[in-house]
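These are the residues of each chain, in order.
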Amino acid sequence: MAKLTEIGWDEYSALPLESKKPYLMRLEGDGMPYHTLFAQQFDRALLERLCALANRIRFINKSKEGALYLKNVLAHKRAMLYFSQPSSRTFLSHLAACQLLGITTGSVRDAATSSEFKGESREDSIRTFSSYFDLIIMRSPEQGLAEKMAWELSNSDRPIPILNAGSGKDQHPTQALLDIYTLVRSFEEKGGLDGRTVVFCGDLLRGRTVRSLSYLLTDFDDVRQIFVAPEELRVPDDVIAILKAKGIRYEIRDDLRSAVREADAVYMTRIQDEWDASAGESAKIDTSRFKFGAEELKLLGKDGIIMHPLPRRDEIATCCDRDPRAMYWRQMRNGMWIRSALIAGTFGYERAIMDCGY
Amino acid sequence: MAKLTEIGWDEYSALPLESKKPYLMRLEGDGMPYHTLFAQQFDRALLERLCALANRIRFINKSKEGALYLKNVLAHKRAMLYFSQPSSRTFLSHLAACQLLGITTGSVRDAATSSEFKGESREDSIRTFSSYFDLIIMRSPEQGLAEKMAWELSNSDRPIPILNAGSGKDQHPTQALLDIYTLVRSFEEKGGLDGRTVVFCGDLLRGRTVRSLSYLLTDFDDVRQIFVAPEELRVPDDVIAILKAKGIRYEIRDDLRSAVREADAVYMTRIQDEWDASAGESAKIDTSRFKFGAEELKLLGKDGIIMHPLPRRDEIATCCDRDPRAMYWRQMRNGMWIRSALIAGTFGYERAIMDCGY
Amino acid sequence: MAKLTEIGWDEYSALPLESKKPYLMRLEGDGMPYHTLFAQQFDRALLERLCALANRIRFINKSKEGALYLKNVLAHKRAMLYFSQPSSRTFLSHLAACQLLGITTGSVRDAATSSEFKGESREDSIRTFSSYFDLIIMRSPEQGLAEKMAWELSNSDRPIPILNAGSGKDQHPTQALLDIYTLVRSFEEKGGLDGRTVVFCGDLLRGRTVRSLSYLLTDFDDVRQIFVAPEELRVPDDVIAILKAKGIRYEIRDDLRSAVREADAVYMTRIQDEWDASAGESAKIDTSRFKFGAEELKLLGKDGIIMHPLPRRDEIATCCDRDPRAMYWRQMRNGMWIRSALIAGTFGYERAIMDCGY
């Protein structure tokens, strides 16, 4: 185990992701994360523990007694949701995850209500807010801010954990968790995730969810990855490099229908035109062949599933919404459960919940 | 009992209000609403049950023990307040109603913090948010949105109830509930609401509260309605048509004072100039004779009451505020109690609360 | 004891602060405040009771059982945070203070979500909101608004307490409380606050914290006050007049370093340029010599402490942040504890907490 108090910021931040991992774990040594900063922190063993914990929380919550038990687990903790980038969906999901465990919350949802206008640094703001709370869940357009705050707080006289709910273009680790949870859960009683084929389709260049999920899938056995995208939005080379280095089977195609025929899971994504370098850049791309509709639905196997990180535009036709294979709404709800599991683990309550009488 | 899952949207939405009613009730058949969408859902029997439940909740809440009992009733539920139209008063009232019963809440209070900017449809947004919660309380400028969402959610694989907290110009059913509750409660120990005279004054054309309350009053016996308004803002014909069809006594006048002399309740409303077709349209109307002040106070009977849905401008002079007959602040608080009653009923907790030992 | 119901607003508001004090106490006569409006309400005895209560709450909260006990103390109460002036820090601190005691909260954080756009008076808005809650915590740019609302609510048929979280330029009483608590706590085991030297530095003209703290310190024995500021931002005459009248030792200097050498506590403040009469006025002032950095740190005694109400700009160099004498982050957290103590006292729970078994 490594401690963030024993390494300077410059030295820590220069480490490759793999080497940062041990610094982010709970000092109690139970293998659960303390700070959650990037998807690469999670290996298969940890992912499976979190999925099991999420399943358990979901089950306990079915009865009123169980739900009230859960609401007592972390009723002595308070969390701050610092969302300087607007996102109702991610905000509400984390909020609900906290509420399930009885955590009371405060929030900062935009810069206008913040004191930052008085010339305070963002680090000072977060440090101040942290003094009232036991956990910071933060989303920010600033790449690396969550990581910097994690180091700062661990080196303060009142360390508290940071949960990164999206920072800049690069990391959104709990999105990757909920994607994995949805896959694991969908194939749980059908032989598991190993050996499956996952198709990624859409804007594979700029979606951080694809990057994270692709990485985490390499931890499972023999999961084939097929990438389907317009030429301009192809999966980046560094993602492919990792697959190559790990000896993972992958394919790059430009025909969605052929891929759907072979797919166990189709992961659709929207065009992320908010990252366009020049206005209207994405609009020039022909995306018409990268949409999932009635025809694709016919080609998908009966155990296949359709996923989407949402929000969607027209990548998936609404006529698919009530098909039992459409998993995107349940995927949202899975996000709540897996985030609850992660937070419970962060505070050391995995065993208490797994072993409780409900 | 009718089920929303057994009727398509087009067929359902074409039904007259009266025929929609059975589709909105709890499937458990206890006569409580599941979705609350419009005032016409409530008949006298249901109104009286809700008023009795509100009285009970108010009473139980007086002691600390009682308040803590109530906070446990729905402590296993979570509600989302989706307010895409700003309204602190309605928001806080519903929030407090939830809190009294132990419901934890999340909220979306404006479009800026919503993901909708990413091109998502409003239906998708609400569907997503619904996946984290057990009840959606929504206010929207879009007429019919609450009803559409109710149908959508009832037809999803995770149905949850919708409570309409105001949609467009047309419906604001819990406002009507709190108005009825205030009337019932004010005359509870003075012989009841039957046979009373209710005076409506102000902008009777555009205020949805007048429309709803007028309708619900027809369910009581022999309640006379007097409408006092500037010519341009007279009560609409369809409201009058209902009164005629039901054989209700009503009068249209333009003299507030004569009406006050005969009134048991005077319901004042403000000029709703936010609905002006052209800017300044309302400003041209002479409203000077449609205000309640010191003179009117003298004319009102000693058991008479003054109501107002608030916010007010100058329709009621502040010199009336401390008169015991001024009911508008208590009317606000009544809103909290009756909304608690409605929510408790929605989740099937009417009997538990009525019969509890507090 | 005096009652706000027995004095008209005009007569009350014309009273000097000292004479207003008895009107703001709890009618139960336990010496705790009912409305908290200005720092001058607190005398030494009350300050010491609140500090003891804050210490007790902090201690009880250390164990999960204790924290759950505290969350039950005011679980039957609900508070409204009405912040028409944005301030995340003050907002979150009061929110956390409520949450520690189990109070559920609602909030209005800006004018855009308020009904005020419909032409309602601010008094009506607050009166409406008050009907749903048991306590109003309010922050407003309008000087005197909290006081007016306190009188209004005490004279309504449903009186509830007002806690002033900052009104205009003049009062921010809980900031003064947390400053005193930080001083009392820092010297608690080192012989106490009596006889100490407190240095104020920065914008002493426009910071309301300096004014309040200077006043409260006069209640302790022989606390010397040294004021260090640029000539344009010197401590105002009325503050000095009070010190003179009470025979307090004070000095006005323009050399921070000499003052630090003699200081037990150095209270740094930022330039409050939001009050500049003309744009850029403050920028013309040479403030370079009124900053605390590495050199000043060397001059400060080993038991000395550095305080700052935050947010800071560059008045304190970040290199001081991890020095054990830097008290400003703990000062923030102290704010949460002392506000909890105040709220518990306001509702009459001082003895219950002091005497509980935790």
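A quick note: this is a predicted structure, and the numbers were derived from the prediction, not measured.

Peer 1: Any chance you could explain the overall build of chain A here in plain terms?
Peer 2: Assigned secondary structure in chain A consists of 14 helices and nine strands. Its C-alpha atoms put chain A at 55 × 50 × 40 Å along the principal axes. Looking at the 358 residues of chain A, the share that counts as buried comes to 51%. Partitioning the intrachain contacts of chain A with sequence separation of at least 6 by distance along the chain shows that 76% fall at a separation of at least 24.

Peer 1: Would you explain the interface of chain C and chain B in this entry?
Peer 2: Interfaces are often described in size by the accessible area the parts lose on coming together. With 21 residues of chain C at the interface, the matching set in chain B holds 23 residues. Only β1 (78-83), β2 (104-108) and α6 (122-130) of chain C provide two or more residues apiece to the side of chain C that touches chain B. Here the side of chain C that touches chain B takes four residues from α6(C), the largest share from any one element. Here the residues of the side of chain C that touches chain B sort into seven nonpolar, nine polar and five charged.

Peer 1: Can you help me understand the packing of α6(C) against helix α7 (residues 145-154) of chain C in this one?
Peer 2: Packed helix pairs are specified by the crossing angle of their axes together with the interaxial distance, meaning the distance between the axes. All names here are of chain C. As a packed pair, α6 and α7 sit with axes 11 Å apart at the nearest point and diverge in direction by 55°. By the criterion of interaxial angle, the relationship of α6 to α7 is oblique. The handedness of the crossing between α6 and α7 is right-handed. Facing Arg 122, Glu 123, Ile 126, Arg 127 and Ser 130 of α6, the residues of α7 in contact are Leu 145, Met 149, Glu 152 and Leu 153. Class assignment of the residues belonging to the contact of α6 with α7 gives a composition of four nonpolar, one polar and four charged.

Peer 1: Help me understand the interface of chain B and chain A, please; the structure alone is not making it clear to me.
Peer 2: Each partner contributes to the interface: chain B provides 21 residues, whereas chain A provides 23 residues. If you list the elements that add at least two residues to the side of chain B that touches chain A, you get β1 (78-83), β2 (104-108) and α6 (122-130) of chain B. With four residues, α6(B) is the largest single contributor of residues to the side of chain B that touches chain A. Looking at the side of chain B that touches chain A residue by residue, the classes come out as seven nonpolar, nine polar and five charged.

Peer 1: What exactly am I supposed to notice about the relation of the copies chain B and chain A here?
Peer 2: Both copies of the chain are tied together by a single rotation about an axis and a shift running along it. For these two chains of identical sequence, chain B goes onto chain A by a turn of 120° and a shift of 0.0 Å along the axis, with RMSD 0.0 Å. Such a turn and shift between the copies fits a three-fold axis. If distances are taken from each C-alpha of chain B to the rotation axis, the shortest is found for Thr104(B), at 5.4 Å.

Peer 1: How do you make sense of the sheet that holds strand β4 (residues 162-167) of chain C when you look at a structure like this?
Peer 2: Either a parallel or an antiparallel arrangement is found when strands of a sheet pair, and the pairing is made through backbone hydrogen bonds. Residues and elements named next belong to chain C. Taken in spatial order, the four strands make up an open sheet running β2-β1-β3-β4, and their pairing is parallel. Taken across any chain shown, the strands that pair with only one partner, and hence form the sheet edges, are β2 and β4. Each neighbouring strand pair of the sheet contributes to a mean axis angle of 15°, computed without reference to strand direction. Relative to strand β3 (residues 135-140), β1 is paired through five bridges, and the arrangement is parallel. Bridge pairing in β3 places Ala 79 opposite Leu 135. Along the sheet, α7 makes contact with β3 and β4, crossing β4 at roughly 165°.

Peer 1: Looking at this structure, I do not really get the domain arrangement of chain A. What am I missing?
Peer 2: Residues and elements named next belong to chain A. For chain A, the domain assignment lists domain 1 (4-171 + 334-354) and domain 2 (173-331). Taking only C-alpha atoms, the centre of domain 1 and the centre of domain 2 are 26 Å apart. At the interface, 24 residues of domain 1 touch 20 residues of domain 2. Those elements giving two or more residues to the side of domain 1 that touches domain 2 turn out to be α3 (44-60), β4 (162-167) and α13 (328-346). Counted by class, the side of domain 1 that touches domain 2 contains eleven nonpolar, seven polar and six charged residues.

Peer 1: Any chance you could explain helix α6 (residues 122-130) of chain A here in plain terms?
Peer 2: Spacing of three or four residues puts side chains on the same side of an α-helix, whose turn is 3.6 residues. Most of α6(A) is tucked away, with seven of its nine residues classed as buried. Among all positions of α6(A), only Asp124(A), Ser125(A), Ile126(A), Arg127(A), Thr128(A), Phe129(A) and Ser130(A) are buried.

Peer 1: Is there a simple way to explain the pairing of β2(C) in this structure?
Peer 2: Two faces make up the sheet, and in a regular strand the side chains alternate between them. The element β2(C) is extensively covered by neighbouring structure, given that five of its five residues are classed as buried. Of the two faces of β2(C), the one lined by Thr104(C), Gly106(C) and Val108(C) and the one lined by Thr105(C) and Ser107(C) are each fully buried.

Peer 1: Just checking my understanding: could you explain the nonpolar core for this structure?
Peer 2: The nonpolar side chains of a soluble globular protein tend to be buried with one another. Val199(A), Val266(A), Val199(B), Val266(B), Val199(C) and Val266(C) are the most contacted members of the largest nonpolar core, which totals 318 residues. Residue contributions to this core peak at ten residues, all from helix α13 (residues 328-346) of chain C. With near-sequence residues (within four places) excluded, Val266(B) lies in contact with Val199(B), Cys201(B), Val260(B), Phe292(B), Leu300(B), Gly304(B), Ile306(B) and Met307(B).

Peer 1: It is not clear to me how the environment of Gly345(C) should be interpreted in this structure. Could you clarify?
Peer 2: Residue and element names in this part refer to chain C. Relative to the helices and strands, Gly 345 is located in helix α13. Here Gly 345 falls in the buried class, since 23 other C-beta atoms lie within 10 Å of it. In this structure, the C-alpha to C-alpha distance between Gly 345 and Ile 136, residues 209 residues apart in sequence, is 15 Å. Apart from the residues lying within four places of it in its own chain, the contact partners of Gly 345 are Met 32, Pro 33, Leu 50, Leu 53 and Glu 350.

Peer 1: I keep staring at the environment of Pro173(A) and nothing clicks. Help me out?
Peer 2: Residues and elements named next belong to chain A. Secondary-structure assignment places Pro 173 in helix α8 (residues 173-186). According to the C-beta neighbour criterion, Pro 173 is buried, with 24 such atoms within 10 Å. Separated by 108 residues in sequence, Pro 173 and Glu 65 place their C-alpha atoms 31 Å apart. With residues near it in sequence (within four places) discarded, Pro 173 still touches Thr 36, Leu 37, Phe 38, Ala 39, Gln 41, Asn 164 and Ser 212.

Peer 1: When you look at the pairing of strand β8 (residues 265-268) of chain A in this model, what are you seeing that I'm missing?
Peer 2: Residues and elements named next belong to chain A. Taking every second residue as pointing to the same face, both faces of β8 are buried, with Ala 265 and Tyr 267 on one and Val 266 and Met 268 on the other. One ladder, built from four bridges, connects strand β5 (residues 197-201) with β8; its direction is parallel. Bridged to Cys 201 within β8 is Met 268. Sheet analysis places β8 next to strand β9 (residues 305-307), joined by three bridges and oriented parallel. The residue bridging Ala 265 from the neighbouring strand is Ile 305, located in β9.

Peer 1: Teacher, can you tell me more about the sheet that holds β1(B) here?
Peer 2: Read across the sheet, four strands follow the order β2-β1-β3-β4 (chain B) without closing on themselves; strand pairing throughout is parallel. Looking along the sheet, the strands with just one partner apiece sit at the ends: β2 and β4 (162-167) of chain B. Going from strand to strand, the sheet's axes swing by 15° on average, the running direction of each strand aside. Set on the sheet, helix α5 (residues 88-100) of chain A makes contact with β1 and β2 of chain B; between it and β2(B) the angle comes to about 175°. In the packing of α6(B) onto the sheet, contacts are made with β1, β2 and β3 (135-140) of chain B, and the angle to β1(B) comes to roughly 160°.

Peer 1: When you look at the confidence of the model for chain A in this model, what are you seeing that I'm missing?
Peer 2: As a general rule, the predicted coordinates of low-pLDDT regions are not to be interpreted in detail. Per-residue pLDDT for chain A has a mean of 93; in total, 97% of the residues score no lower than 70. This prediction of the complex comes with two scores: 0.95 for pTM and 0.93 for ipTM.

Peer 1: Help me understand helix α7 (residues 145-154) of chain B, please; the structure alone is not making it clear to me.
Peer 2: Residues and elements named next belong to chain B. For α7, the buried fraction is high: seven of the ten residues fall into the buried class. Residues of α7 that are buried: Leu 145, Ala 146, Glu 147, Met 149, Ala 150, Trp 151 and Ser 154. Where α7 is buried, its residues contact α1 (9-13), α6, β3 and β4.

Peer 1: Explanation requested: unusual backbone geometry in the structure shown.
Peer 2: Negative phi characterises most residues that are not glycine, and trans characterises most peptide bonds. With an omega dihedral of 0°, the bond running from Leu310(A) to Pro311(A) counts as a cis peptide bond. Relative to the helices and strands, Pro311(A) resides in the loop between β9 and α13. For Leu310(C), which is not glycine, the phi torsion reads 55° and is therefore positive. Mapping Leu310(C) onto the fold places it in the loop between β9 (305-307) and α13. A count of 23 C-beta atoms within 10 Å places Leu310(C) in the buried class.

Peer 1: How do you make sense of the environment of Leu153(C) when you look at a structure like this?
Peer 2: Residue and element names in this part refer to chain C. When you line up the elements, Leu 153 lands in helix α7. Between the alpha carbons of Leu 153 and Ser 131 there is a distance of 10.0 Å; along the sequence they are 22 residues apart. Other than its neighbours up to four places away in sequence, Leu 153 contacts Ser 130, Pro 159, Ile 160 and Ile 162.

The rules behind each value
Residues numbered from 1 in each chain as written. Chains lettered and ligands numbered in written order. Predicted model: local features only at pLDDT ≥ 70, side-chain atom pairs only at ≥ 80, totals over all residues. Helix = DSSP H or I, 4+ residues; strand = E, 2+ residues; numbered from the N terminus. Buried ≥ 20, exposed ≤ 12 C-beta atoms within 10 Å, placed from the backbone. Contact = placed C-beta atoms within 7 Å. Nonpolar A, V, L, I, M, F, W, Y, C, P; charged D, E, K, R; others polar. Axes fitted to C-alpha atoms, helices over the stretch in contact; angles between N-to-C directions. Parallel < 35°, antiparallel > 145°, perpendicular 65-115°, else oblique. Left-handed = near helix turned anticlockwise from the far one by under 90°. Least-squares fit on C-alpha atoms with pLDDT ≥ 70 in both. Pairing = 2+ DSSP bridges. Domains from an automatic or database assignment. Core = buried A, V, L, I, M, F, W, Y, C linked by C-beta atoms within 7 Å. pLDDT = per-residue confidence, 0-100.

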